[in-house]
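Inside the fold
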Amino acid sequence: MMLHFLRSLVFNFATYCGSFFSTLLALPTLVMPKAAMQWLARMLGFYIIFCVRFIINTKIIFKGLENIPKDRKFFVASAHQSICETFVFNAVLNAPIFIVKEELFKIPFYGWCIKKLGFIGTHREKVTKDHLVFLEKTAETINKEKSPLIIFPQGTRIKNNERVPLKKGVSRIYEKANVPCIPVKLNTGDVWPRDSFFRFPGEICIEFKKPIEPGLNMNDFMNKLEKEIYD
């Protein structure tokens, strides 16, 4: 138990320090081309993978990387169990753009950085005219940017054995963007659970499923996406 506590303590300290110093290093890049900050985000992703592997003795396995399109637009709809995936996606995807809570932009320094990276803010609980405009802009971003967009359709972090209905906004984005959607299934919550000090040894599997091609109606898309994320 003491070893478990010490590993969790060292890991938390290492990840917080890594995030803090990455943010400090990123500040000069606010006035540089976006590629400089994207490179730092990628390096932070590799740093987190290193910490997971050598501090809490857990290997992160990526499956289905061959399913990620290399010559066409797409977006990612991922399960969300931990802050872990928000780091490590940067290591395997080309400078991904995340949809995040609007409040994150208000955090000093960090908010400036994610705005520079092109992250998109949303009020997830609101269904208003502004939210519909947000969906339109999100679809436009997918088609305009070279970087893939990542959305967490569960709306918040959940436990690995928990099953919640997916937010319908993802189906509207799928319909309006008219590009493939890559579902992602993962189990990061088993190792790096939400709202817990402790980190647990084991094995993290992040699996990129085969693309859901455009053209399905909204109900069929949601059913297929839910199956790919949960089953």
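This one's a predicted model, so the numbers in the text were calculated from it and none came from an experiment.

1. Considering the packing of aromatic side chains
A ring pair, where both rings are aromatic, is described by two values, the distance of the centres and the angle of the planes. One pass over the structure, following the stated rule, counts 11 aromatic pairs. Judged by centre distance (3.9 Å) and plane angle (5°), the ring pair of Tyr174 and Phe221 falls under stacked. Of this pair, Tyr174 sits in helix α6 (residues 169–177) while Phe221 sits in helix α7 (residues 218–230), placing them 47 residues apart in sequence. Residues Tyr174 and Phe221 agree in their burial class; the two are buried. Grouped by ring-pair contacts, the aromatic residues Phe5, Phe197 and Phe198 constitute a single cluster. In this structure, Arg53 packs its charged tip against the face of Phe54, placed 5.7 Å from the ring centre.

2. Here we look at unusual backbone geometry
A positive phi is found at Ala95, a non-glycine position, where the angle reads about 50°. With respect to the helices and strands, Ala95 occurs in the loop between α3 (84–92) and β3 (97–101). Here Asn178, not a glycine, exhibits a phi torsion of approximately 55°, which is positive. Mapped onto the elements of the fold, Asn178 is located in the loop between α6 and β6 (181–186). Here Asn178 falls in the exposed class, since its relative accessible area comes to 53%.

3. Focus on the packing of α6 against α7
Running from N to C, α6 and α7 cross one another at 120°; their axes reach a closest spacing of 10 Å. For the pair α6 and α7, the crossing hand works out as right-handed. Across the interface between the two elements, Val170, Ser171, Arg172, Tyr174 and Glu175 from α6 touch Met218, Phe221, Met222 and Leu225 from α7. Residue composition of the contact of α6 with α7, by class: six nonpolar, one polar and two charged.

4. So, the pattern of salt bridges
Two side chains with opposite charge may pair up if their charged atoms get near one another. Taken as a whole and judged by the stated rule, the model has seven salt bridges. Between Glu226 and Arg163 there is a salt bridge whose closest N-O contact spans 3.7 Å. Pair noted here: Glu226 is in helix α7 and Arg163 is in the loop between β5 (149–151) and α6, with a separation of 63 residues, a long-range link. A relative accessible area of 27% places Glu226 in the partly exposed class. One network of salt bridges, with partners in common, ties together Arg163, Glu226 and Asp231.

5. Details of the nonpolar core
Of all hydrophobic cores here, the largest spans 65 residues; its most connected members are Phe75, Phe89, Ile206, Phe221 and Leu225. Looking at which element gives the most residues to this core, the answer is helix α2 (residues 34–55), with eight residues. For Phe89, the contacting residues outside a window of four places in its chain are Ser78, Pro96, Phe98, Ile150, Phe152, Val184, Leu186, Ile206 and Phe208.

6. Some points on the environment of Phe119
Secondary-structure assignment places Phe119 in the loop between α4 (110–116) and β4 (120–122). Classification of Phe119 as buried rests on a relative accessible area of 14%. For the pair Phe119 and Pro96, spaced 23 residues apart in sequence, the C-alpha separation works out to 8.7 Å. Ignoring anything within four residues of it in the chain, the contact list for Phe119 reads Pro96, Ile97, Phe98, Val100, Phe105 and Ile114.

7. Examining the sheet that holds β5
Ordered in space as β1-β7-β6-β2-β5-β3-β4, the seven strands form an open sheet in which the pairing is mixed. In this open sheet, the two strands that pair with only one neighbour each are β1 (59–63) and β4. Each adjacent strand pair in this sheet contributes to an overall mean axis angle of 25°, direction not counted. Taken together, the two bridges between β3 and β5 define a ladder with parallel strand orientation. Looking at β5, one finds that Phe98 is bridged to Ile150. Sheet contacts for α7: β2 (75–78) and β6; angle to β6, the most-contacted strand, approximately 30°.

Calculation criteria
- Residues numbered from 1 in each chain as written.
- Predicted model: local features only at pLDDT ≥ 70, side-chain atom pairs only at ≥ 80, totals over all residues.
- Heavy atoms only, no water.
- Phe/Tyr/Trp six-rings, centres within 6.5 Å; stacked < 30°, edge-to-face > 60°.
- Helix = DSSP H or I, 4+ residues; strand = E, 2+ residues; numbered from the N terminus.
- Buried < 20%, exposed > 50% of the residue type's maximum accessible area, 1.4 Å probe, protein only.
- Lys NZ or Arg CZ within 6 Å of the ring centre and 35° of its normal.
- Axes fitted to C-alpha atoms, helices over the stretch in contact; angles between N-to-C directions.
- Left-handed = near helix turned anticlockwise from the far one by under 90°.
- Contact = heavy atoms within 4.5 Å.
- Nonpolar A, V, L, I, M, F, W, Y, C, P; charged D, E, K, R; others polar.
- Salt bridge = Lys/Arg side-chain N within 4 Å of Asp/Glu carboxyl O.
- Core = buried A, V, L, I, M, F, W, Y, C linked by side-chain atoms within 4.5 Å.
- Pairing = 2+ DSSP bridges.

The values are spatial; any link to function lies outside them.
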